[in-house]
Amino acid sequence: MMKSGIKVFAPATVANVACGFDILGFALDKPGDEIIVRFSDTPNLRITRITGLKGMKLPYEVEKNTAGFAAQRLLDHLGESNRGIEMEIHKKMPFGSGLGSSAASAVAGVMAVNELLRRPLTKRELLPFAVLGEQVADNAYHADNVAPSLLGGMIFIRDNPTLDVHRIPVPNGLYAAVVYPHIKILTKDARSVLSDQVTLKQSITQSGNLGGLIIGLTTANLDLISRSLQDIIIEPQRAKLIHGFYEVKEAALQAGAMGCSISGAGPSIFTLCANSLIAENVGKAMQLVFNKNKIHNQLFISRINQEGAELC
Ligand code: HSE
């Protein structure tokens, strides 16, 4: 017998936001992933369907799948380890894109199961389970995609191990233009190119920018945001993975973006803009460069999504 289910949408996210490597991220309105769960008479959590992968593969084994792993950890925590639940994963966004695809799946997975069980935990309480799910994808414990996808907004993570997360207010009208060039970069590969050495001078500059960005966002000081939206540590190391990165960045800044950097581990490139009109112009200018270099790409224009994951 088919049982009625719960459907959850979890949005894409931009992690790092230039100067906040692993500790800052924001949610977009779209794209995102959808997960449907329903009770089943067969015991245990089972992934029964995965759609939208366009030739790529994701595991059906619960313990190897970000959404499945996260949901199973939640079920274990709730003393429901063997509860019969079927899960369908509908990928509405590419993975390896720098838009937090695995995080969105992990978030949608835990939120859907929590809703199915009549919401025993709050959204905030779901965060550790979703982060564990994302860890399956890249072997690192960081919430800069998961937290904004779950909670919405611009989220600062003071400390990842304890998930000390805080929402930062953003100026009205702030828009992101994000271009996804169809180059695949896995987060674990983009992390492996990073040096673990940072000089004192770099640390001072990056901390200054992060502080400036947070103050700029909180006080709606667009000039301060613009001056601060710079990454002098990670971007120079990863830019070489994205063909034409500096040309795209230059085009974005010329078109009026407040700043431009790599979204998460890349290859997507994000900008923040003072309004939607500027964001559209900036997005088109970035696309022109990729088009000229014959790299297929997609543009997403979005406000900062304040809702995060939701029932749909
Ligand atoms: N902070 C992470 C990184 C985000 O840049 O590697 C991608 O998961």
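See the structure shown above.
Residues numbered from 1 in each chain as written. Predicted model: local features only at pLDDT ≥ 70, side-chain atom pairs only at ≥ 80, totals over all residues. Heavy atoms only, no water.

This part is about the sheet that holds strand β9 (residues 269–273). An order of β8-β9-β7-β10 is seen for the 4 strands of this open sheet, with the pairing classed as antiparallel. Across the chains shown, the open sheet's two edge strands, defined by having one partner strand only, are β8 (259–262) and β10 (297–303). Each adjacent strand pair in this sheet contributes to an overall mean axis angle of 20°, direction not counted. Sheet analysis places β8 next to β9, joined by 4 bridges and oriented antiparallel. Across the sheet, cysteine 260 pairs through a bridge with threonine 271, a residue of β9. On top of the sheet, helix α9 (residues 245–254) reaches β8 and β9; it is set at about 155° to β8, its chief contact. (Pairing = 2+ DSSP bridges. Helix = DSSP H or I, 4+ residues; strand = E, 2+ residues; numbered from the N terminus. Axes fitted to C-alpha atoms, helices over the stretch in contact; angles between N-to-C directions. Contact = heavy atoms within 4.5 Å.)

In the segment running from lysine 30 into proline 31, the intervening peptide bond is cis, with an omega of 5°. One can find proline 31 in strand β2 (residues 24–39). Non-glycine residue aspartate 22 carries a positive phi angle of around 70°. Following the sequence through the fold, aspartate 22 ends up in the loop between β1 (6–15) and β2. In this structure aspartate 22 comes out as buried when scored by relative accessible area, which is 12%. Unlike most non-glycine residues, asparagine 139 shows phi in positive territory, near 65°. (Buried < 20%, exposed > 50% of the residue type's maximum accessible area, 1.4 Å probe, protein only.)

What follows is about the pairing of strand β5 (residues 154–159). Pairing of β2 with β5, which is carried by 3 bridges, proceeds in the antiparallel orientation. Residue leucine 24 lies in a different strand from β5, and its bridge partner there is phenylalanine 156. As defined by bridge partners, β5 adjoins strand β6 (residues 164–168) across 5 bridges and the pair is classed as antiparallel. Along β6, the bridge assignment pairs isoleucine 155 with arginine 167. What sits between the antiparallel neighbours β5 and β6 is a turn of 4 residues, in which leucine 163 has the positive phi angle 50°.

Of all hydrophobic cores here, the largest spans 73 residues; its most connected members are Phe26, Val37, Met87, Val113 and Leu272. Each of domain 1 (6–169) and domain 2 (175–303) accounts for three or more of the residues forming this core. If you look at the next biggest cluster of nonpolar residues, it comprises 23 residues, including Ile185, Ala251, Ile269 and Met286. (Core = buried A, V, L, I, M, F, W, Y, C linked by side-chain atoms within 4.5 Å. Domains from an automatic or database assignment.)

Right, let's get into the packing of aromatic side chains. Summed over the entire model, instances satisfying the criterion amount to 2 aromatic pairs. Seen from their ring centres, phenylalanine 26 and phenylalanine 270 are 6.1 Å apart, and the 70° between their planes marks the pair as edge-to-face. Taken together, the positions of phenylalanine 26 in strand β2 and phenylalanine 270 in strand β9 put the pair 244 residues apart, joining distant regions of the chain. Its relative accessible area of 0% is what places phenylalanine 270 among the buried residues. Seen in terms of ring centroids, phenylalanine 245 and tyrosine 246 are 5.0 Å apart; in terms of plane orientation they differ by 75°. Their pairing is edge-to-face. Judged by relative accessible area, which is 1%, phenylalanine 245 ranks as buried. Take tyrosine 246: its relative accessible area is 48%, and that puts it in the partly exposed class. (Phe/Tyr/Trp six-rings, centres within 6.5 Å; stacked < 30°, edge-to-face > 60°.)

This part covers the side chain of lysine 91. Note that lysine 91 resides in the loop between β4 (85–90) and α2 (101–116). Residue classification places lysine 91 among the buried residues on the basis of a relative accessible area of 5%. Within the structure, lysine 91 has its side chain in polar contact with the side chain of aspartate 33 (distance 2.5 Å). For lysine 91, the side chain forms a polar contact with the side chain of serine 105, separated by 2.8 Å. Sequence-distant contacts of lysine 91, that is, excluding residues within four places in its chain, are made with Asp33, Thr51, Gly52, Leu53, Leu58, Ser101 and Ser105. (Polar contact = N/O pair within 3.5 Å; in protein donor to acceptor, adjacent residues only side chain to side chain.)

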